[in-house]
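So you can see what is in the structure, the chains are spelled out below.
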Amino acid sequence: MNSSKCRQETWSRAGQSGFTLIELLVVLAIIGLLAGLVGPQVMKHLGGAKSKTAKVQIEDISQALDMYRLDVGSYPTSDQGLGALVNNPGSNSWNGPYLSKNAVPTDPWNNEYHYRMPGEHGNFDLYSYGLDNRQGGEGEAKDITNWE
């Protein structure tokens, strides 16, 4: 008799603690719905952040190019490229490196920035083709330039 009473208490305690399968499924469904609504919004802002980062990097590299021109007397040629900002291309008046970390950064999509001197839009053209690394595009694939 005593053992049946003990079993009955064990069964009643086991039935009252924890969550039922239905409760867990409802919670998982709610989490899934929230992720489906919030996820695309977060990804949209992430893409915008990469474009803004590229714009800031282009501005920083442009300033480094201006400092280079003040020291050397001209911008690096297209053949010398942006590498002239971190390695002396043979000028006696070079006072670099002009970029922090002694390296030319890649754009947020891990592609190299494109540099052209003389530029078609100014003294030099500095640009990234964006996510797709192709000219043109929209959204995250839009070109980011120093002249716009």
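These figures come from a predicted structure and were not determined experimentally.

Participant: Help me understand the environment of Gly122 in this model?
Facilitator: Structurally, the position occupied by Gly122 is in the loop between β1 (114-116) and β2 (125-128). Looking at Gly122, the relative accessible area reads 40%, which means it is partly exposed. Considered as a pair, Gly122 and Trp147 are 25 residues apart in the sequence and their alpha carbons are 7.3 Å apart.

Participant: Help me understand the nonpolar core in this model?
Facilitator: The tendency in soluble globular proteins is for nonpolar side chains to be buried side by side. Counting residues in hydrophobic clusters, the biggest one holds 20 residues, and the most contacted among them are Ile61, Leu65, Leu82, Leu85, Tyr113, Tyr115 and Leu126. The greatest single-element share of this core, amounting to six residues, is contributed by helix α2 (residues 21-72).

Participant: What should I look at first to understand the pattern of salt bridges in this one?
Facilitator: Pairing between side chains of opposite charge can happen when the charged atoms of each approach one another. Counting across every chain of the model gives two salt bridges. Glu120 serves as the salt-bridge partner of Arg116, at 3.9 Å between the closest nitrogen and oxygen. For Arg116, a relative accessible area of 25% corresponds to the partly exposed category. For Glu120, a relative accessible area of 60% corresponds to the exposed category. One network of salt bridges, with partners in common, ties together Arg116, Glu120 and Asp125.

Participant: Honestly, the pairing of β2 in this entry has me stumped. Any pointers?
Facilitator: Of the two faces of β2, the one holding Asp125 and Tyr127 and the one holding Leu126 and Ser128 are both buried throughout. With three bridges connecting them, β1 and β2 associate as antiparallel partners. Within β2, the position partnered with Tyr115 by the bridge is Leu126. Inspection of the sheet shows β2 paired to strand β3 (residues 144-145) by two bridges, in the antiparallel sense. By the bridge assignment, Tyr127 is partnered in β3 with Thr145.

About the thresholds
- Residues numbered from 1 in each chain as written.
- Predicted model: local features only at pLDDT ≥ 70, side-chain atom pairs only at ≥ 80, totals over all residues.
- Heavy atoms only, no water.
- Helix = DSSP H or I, 4+ residues; strand = E, 2+ residues; numbered from the N terminus.
- Buried < 20%, exposed > 50% of the residue type's maximum accessible area, 1.4 Å probe, protein only.
- Core = buried A, V, L, I, M, F, W, Y, C linked by side-chain atoms within 4.5 Å.
- Salt bridge = Lys/Arg side-chain N within 4 Å of Asp/Glu carboxyl O.
- Pairing = 2+ DSSP bridges.

The quantities given are spatial measurements derived from coordinates; they are silent on function.
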